[in-house]
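Single-letter residue listing:
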Amino acid sequence: MQTAWGWLPAIYLFLGGLGAGALLIAAVFEFYGKRYQYEFCPTTLVGATVPGPLLILGTILLILDLGAGRREPWRIFYMYTNFSSVMTWGVWLLSLFIPVALIYGFLEILDTFPAARPWLKSRRWLRWTAFLWNLPLRRTKRVFAGVGSVLAVGVATYTGILLSVVGPAIPFWSTRVLPFIPIPMMPVLFLVSALSTGLGLTVDLAATLAIGPMEQRVKSLPWIHMAFIGLETLLLGMLLITALLDGGSAAQSAREIIVGTYAVVFWVFIVLPGFIFPFVIHAYAAGLGRHSPVSGVGSGMGIVISGLFLRYLILISGIPAAL
């Protein structure tokens, strides 16, 4: 069994996806005008401010997980120059995404809390941000939301690309979308999972806790949730079926997930809280026309927890190809 990958890399893969997904959801609310239909929009506030810190934490965990990063941290800078390495792509994506996300979050705070400007001006160590105060706030914010969205898609898919290029050493990680389609499944699955967890964090959790059931503002929200859950279920099912059809180590990984060593993680910590429970909750809300605060928060927690365990499961279930 592959045991070199565990919780630490699973957490930073999860944080990367969650941060990217949250920013994408905030950008959708920004560009479609939902952000400005109400005086306070917790979805964009959380979706804009959370990604930067999440990616910083994930980067720290990545450095800690790299042996050379702990012993000789200056060697991290060499990763910027090897453009044939997927790790170099990731380093550049993170280096661009983090400052863009931080500035987008800062602008969103200024827009949401105008009273913060005098406080910032009174702090000498924050006066360097004065150039941002004089820009047309909402127009500038849309620029950073747009650039951040492009980078967020790259960050979300990169976490899957990083695993898929390890194949054929770990065949399960490089499983194709379908046996006859030579496109790796992991980047696609991780992108959809990032959007789903981002929606769970910014809407189900943040918005429900701040203002109550969010479908009062976005009538189609339960259907959007069900679409993401259905798509992620389809992709995960295709991954397992294709791996079983491929045979060898990939099929062994799939069997370990479905009925073997990792079946409890799969069914109890992924399928139940991240697929079945939120789908039933949102289907009920679509029919009834409303959520309860408890069901909204429960759905968000289940989706976010499921996203973490999904990455952990994929990592620990990878079995090296037979030599």
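Presented here is an overview of the structure given in this document. On a predicted model such as this, the values are computed, not experimentally measured, just so you know.

**Some remarks on the pattern of salt bridges**
Summed over all chains, the structure comprises eight salt bridges. Two residues, Glu30 and Arg142, come together in a salt bridge whose shortest N-O distance is 3.5 Å. Highlighted residues: Glu30 in helix 1 (residues 7–31) and Arg142 in helix 8 (residues 137–164), separated in sequence by 112 residues. Since its relative accessible area comes to 0%, Glu30 is described here as buried. The exposure class assigned to Arg142 is partly exposed, which follows from its relative accessible area of 33%. With its nearest N and O atoms 2.8 Å apart, the salt bridge here joins Lys141 to Glu108.

**Some thoughts on the environment of Ile303**
Locating Ile303 in the fold gives a position in helix 13 (residues 293–316). The spatial distance from the C-alpha of Ile303 to the C-alpha of Val271 is 9.6 Å, given a sequence separation of 32 residues. Setting aside anything within four residues of it in sequence, one finds Ile303 in contact with Ser196, Thr197, Asp204, His225, Pro273, Gly274 and Pro278.

**What about the packing of aromatic side chains?**
All chains considered together, the criterion is met by four aromatic pairs. Relative to Tyr312, the ring of Trp7 lies with its centre 4.0 Å away and its plane at 5°, an arrangement referred to as stacked. One end of the pair, Trp7, is in helix 1; the other, Tyr312, is in helix 13, with 305 residues separating them in the sequence. We classify Trp7 as partly exposed; its relative accessible area is 36%. The class for Tyr312 is buried, based on a relative accessible area of 16%. Their ring planes at 20° and their centres at 4.7 Å tell us that Phe269 and Phe309 sit as a pair that is stacked. Placement of Phe269 in helix 12 (residues 263–288) and of Phe309 in helix 13 is noted, with a sequence separation of 40 residues between them. On the accessibility criterion, Phe309 (16% relative accessible area) is buried.

So, how was this worked out
- Residues numbered from 1 in each chain as written.
- Predicted model: local features only at pLDDT ≥ 70, side-chain atom pairs only at ≥ 80, totals over all residues.
- Heavy atoms only, no water.
- Salt bridge = Lys/Arg side-chain N within 4 Å of Asp/Glu carboxyl O.
- Helix = DSSP H or I, 4+ residues; strand = E, 2+ residues; numbered from the N terminus.
- Buried < 20%, exposed > 50% of the residue type's maximum accessible area, 1.4 Å probe, protein only.
- Contact = heavy atoms within 4.5 Å.
- Phe/Tyr/Trp six-rings, centres within 6.5 Å; stacked < 30°, edge-to-face > 60°.

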